[in-house]
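Examination of the molecular architecture
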Amino acid sequence: RVHSNFHLWHNDLPWQIRSLYNNQLNQVDLNTLNKTHTNIPKIKAGHLGAQFWAAYVPCDCQYKDAVRQTLEQIDLVHRMTQSYPEHLKFCTSSQEILQAFQENKTASLIGVEGGHSIDSSMATLRMFYQLGVRYLTLTHSCNAPWADNWKVDNGDENPESNGLSEFGKNLIKEMNRIGMIIDLAHVSQKVMKDVLDISEAPVIFSHSSAYKICPSKRNVPDDILIKVAEKKGIVMVNFYNNYVTCNKTASLSDVADHFDHIRQVGGAAIVGFGGDYDGVSRVPQGLEDVSKYPDLVAELLNRGWTDKEVKEALGENLLRVFKKVEEVRDQMSKTLPNDIPIPYEEVNNPCRTSYGYQINNGAEVFKLAFYPLLIFSIALQY
C-alpha cells in the first residue's frame, strides 16, 4: 500500500566497520557480512531507499584526534559507495536522493554524530560540508565546549554553556548559511530550546523517541515536540530498547507507541524513522535488523495510520526538511562566512595551541601555554 522504498536514515554501520576491521573495507564483503544489523541483502529486504551513514567517533577523542578520526569515517562512507555502485549512490542533496530512488539504489548520505568532531572550528564544519556531510549532531553523550549534552539534564554531567554558548549560537547560524542540517539528538533540553529559537531552518532529531512514553533524557518531551512542529522539523524514532521502554527489552509494538505519541502531539508531519542500527547493543523483538522495517510499517497501518502519513514518516517529512534547509542556504548565499574563532579560554587544553590568538600580556601567553603542561606533567608523576 505504500511506496516500495522504505526510507530509513540514521545508521552506524561505518563505526562497526572501524570496530571490527579498523576501516579495512577491502577485508569486508557487505553482501555476506553477518556480524551487523546492516548488510546489502538486509538493505534490499528492508526496502531502504536512503541512509544517513553516521560518521561517529567516541567522546574520548575530544581534544585529541577527533577531526582525523571523523575524516577517516567520512572517507569510509565514500569508499563504501564506490565499492558497491550497483546498490549505493552517494548523495549530497534532496534532488540526488530522488534520483537514487529512480535508479533503485540506496541514497547514501553522511551525518557527523557529535559536535566534538569539529573541534570547535567553523572552518572544520565548512570543510566537512565540502566533503559531503549534510547533518551535524551538536553533541554526543558529552559536552562540546559550546553546547551541553543530555547527561546535564540527568545531573550526570555539569553544564558548561547553560545551553549554547555565544560561539554555539553563531555556529547554528553558520550551519543555516551553508545548508548543514542541525541534529538535536543527544543535546540538553536547554540546547533544544536555544536552537529552536535561533535557527532559521527546521531541525531534526535523527534518533530520539518520545519522553512521555519512556522518560529518558535522551528522548524528546512534549513541549519540545510542539516547538518542533511549529518549526516544521522532524523527530525520528530511536529503536534502542533503553530509549523505547526504558528497560533492556522492548517490542515492535512498543516502538509503534512512540510513533503514535509523536503524531498525537505534533502531527504526522514531524514523525520519522530513526533506527540507530549498528549503533546500539539491544533492539526490539521484531526489529532485529534493518530488514524488519516493513513489519513496523504494517503495524502502523494496522493502527490506523493512513498511506499518506506512513509515506511522510518513511521519508517525505525528512525530504521536506532537507529542501527547506537548502532553501534557507540559498537565501543566505550573500552572507559572509563566520570566521570569529571560539575564545581561547573556552578550549584551552594541553593538546591545543594558541596560534593566531592575540594575547597582549606576555605573562598571560606563558600562563596559557605553560600551566596546562605543568599540571599534566605533575599528574603523570603521580
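The protein chain is annotated in an unreviewed UniProt entry as Dipeptidase from Erpetoichthys calabaricus. Looking at the Function (unreviewed entry) heading of the UniProt record, one finds this comment for the protein chain: "Independently of its dipeptidase activity, acts as an adhesion receptor for neutrophil recruitment from bloodstream into inflamed lungs and liver." The heading Cofactor (unreviewed entry) in the UniProt record of the protein chain holds the text "Zn(2+)".

All chains considered together, the criterion is met by 2 disulfides. Through a disulfide, Cys59 is tied to Cys142; the S-S separation comes to 2.1 Å. Here the S-S torsion is close to -85 degrees, and the disulfide linking Cys59 with Cys142 is therefore left-handed. Of this pair, Cys59 sits in the loop between β2 (50–55) and α3 (66–83) while Cys142 sits in the loop between β5 (133–137) and α6 (151–154), placing them 83 residues apart in sequence. Since its relative accessible area comes to 10%, Cys142 is described here as buried.

Before going further, it helps to spend a moment on the pattern of salt bridges. Summed over all chains, the structure comprises 18 salt bridges. Here Arg18 makes a salt bridge to Glu72, at a shortest N to O gap of 2.7 Å. Of this pair, Arg18 sits in helix α1 (residues 13–21) while Glu72 sits in helix α3, placing them 54 residues apart in sequence. The exposure class assigned to Arg18 is buried, which follows from its relative accessible area of 11%. Its relative accessible area of 28% is what places Glu72 among the partly exposed residues. Through salt bridges with shared partners, one network takes in Arg18, Asp65, Arg68 and Glu72.

Definitions and cut-offs
- Residues numbered from 1 in each chain as written.
- Predicted model: local features only at pLDDT ≥ 70, side-chain atom pairs only at ≥ 80, totals over all residues.
- Heavy atoms only, no water.
- UniProt positions renumbered as here; feature names shortened; annotations may be inferred.
- Disulfide = S-S within 2.5 Å.
- Helix = DSSP H or I, 4+ residues; strand = E, 2+ residues; numbered from the N terminus.
- Buried < 20%, exposed > 50% of the residue type's maximum accessible area, 1.4 Å probe, protein only.
- Salt bridge = Lys/Arg side-chain N within 4 Å of Asp/Glu carboxyl O.

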